[in-house]
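What follows is the residue order along each chain.
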Amino acid sequence: MQTLNFVVTTLLHAYATILLLRVWMQWARADFYNPFAQFVVKATQPVVRPLRRIIPAIGPIDTASVLVAYVAVLLKLLFPWFLAGFQGQLGGLMLLVAFFNLLYLAGMTVFWVILARALLSWFSQGRNPVDYVLMQLTEPLMSPFRRIIPPMGGIDFSAMIVIFILYALGYLYNDIVQWIFM
């Protein structure tokens, strides 16, 4: 049972993350001819394409991808309950927790993309196609902080500031989820 729970929840988590990357790449207007971007599009297109006919985008936000990511997160949260045989009223409470979990997943995706960009900057110096997409994704988030605190001694503090904010938001997420379940 634990193996099935692990496999299903991990796959749902990974797919929701890929969907959020798709939304983020569209918002940041990343190069969709990039091999990494092509992987994200091809992995999500079979599910998102039919929904895009029904659910229109809101500005630069692909609402169909957000909805599928939300459903994946909701299923990830509900699967252990169903597997254990629990029955009962979860209703709106679980919908709310899934919404906050989706926001938390988006923050964790931003964290890992910034970390991957920082690590790749040590090795590739921008010559890698993945590095180029990561730069396109993170630059809109980091450039406002870079204007306030410019790089000093070759160290870019903007990534650290964004990560600090993400950690603070993660603690806020934990406080909200604890408050909901009390």
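Everything below is about the structure shown above.
What counts and how
Along each chain, residues carry numbers from 1 onward, in the same order as the chain's sequence is written. The predicted nature of this model means local features are confined to residues of pLDDT at least 70 and side-chain atom pairs, given and counted, to a pLDDT of 80 or more, with totals for whole chains, interfaces and linings taken over all residues. Derived side-chain values reflect all non-hydrogen atoms in the structure, with water molecules and hydrogen atoms excluded from consideration. Strands are runs of DSSP state E lasting at least two residues, helices are runs of H or I lasting at least four, and both sets are numbered from the N terminus onward. Note on definitions: a residue-residue contact is assigned when non-hydrogen atoms from the two residues lie within 4.5 Å. Per-residue and other accessible areas follow the Shrake-Rupley method at a 1.4 Å probe size, with only the shown protein chains counted as cover for residues. Positive charges are assigned to Lys and Arg, negative charges to Asp and Glu, while His and the chain termini are left out of the count. We put the charge of a Lys on NZ, of an Arg on CZ, of an Asp on CG and of a Glu on CD. Expected span, for any helix, means 1.5 Å times one less than how many residues it has. Bending is quantified residue by residue as the angle between axes fitted to the seven-residue window ending at that residue and the seven-residue window starting at it. Exposure classes here rest on a 1.4 Å probe applied to the protein chains alone. A residue is buried below 20% of its type maximum, exposed above 50%, and partly exposed in between. Only residues whose relative accessible area exceeds 30% and that take part in no salt bridge are eligible for patches, with like-charged residues grouped when within 9 Å of each other and nonpolar side chains (Val, Leu, Ile, Met, Phe, Trp, Tyr) grouped when within 5 Å. We define a salt bridge as a side-chain nitrogen of Lys or Arg found within 4 Å of a carboxyl oxygen belonging to Asp or Glu.

Participant: Would you mind showing me how to read the overall build of the protein here?
Facilitator: Tallying secondary structure elements over the protein gives six helices and zero strands in all. Helices and strands appear in the protein in the N-to-C order α-α-α-α-α-α. The dimensions of the protein, computed from C-alpha atoms along their principal axes, are 55 × 40 × 35 Å. For the protein, the share of sequence-separated contacts (at least 6 apart) that also reach a separation of at least 24 residues comes to 64%. If you sum the accessible surface of the protein, you get close to 11300 Å²; carbon and sulfur atoms cover 72% of it. Within the protein, the 6 negative side-chain charges are centred at a point lying 10 Å from the centre of the 11 positive side-chain charges.

Participant: What am I meant to see in helix α3 (residues 63-84) here?
Facilitator: Every α-helical turn comprises 3.6 residues, leaving residues that sit three or four positions apart pointing alike. The terminal C-alpha atoms of α3, which comprises 22 residues, lie 32 Å apart, in line with the 32 Å expected from a rise of 1.5 Å per residue. Its maximal kink placed at Leu78, α3 deviates by approximately 35°, while the proline Pro80 follows within four residues. Every buried residue of α3 is accounted for by Thr63, Ala64, Ser65, Val68, Ala69, Tyr70, Ala72, Val73, Leu74, Lys76, Leu77 and Leu78. Just downstream of α3 lies Gly85, where phi reads positive at about 85°.

Participant: Is there a simple way to think about a nonpolar patch on the surface in this case?
Facilitator: Residues Phe164, Ile165, Leu169 and Leu172 make up a contiguous nonpolar surface patch of about 400 Å² in total accessible area. For Leu172, the location among the structural elements is in helix α6 (residues 158-181). Its relative accessible area of 45% is what places Leu172 among the partly exposed residues.

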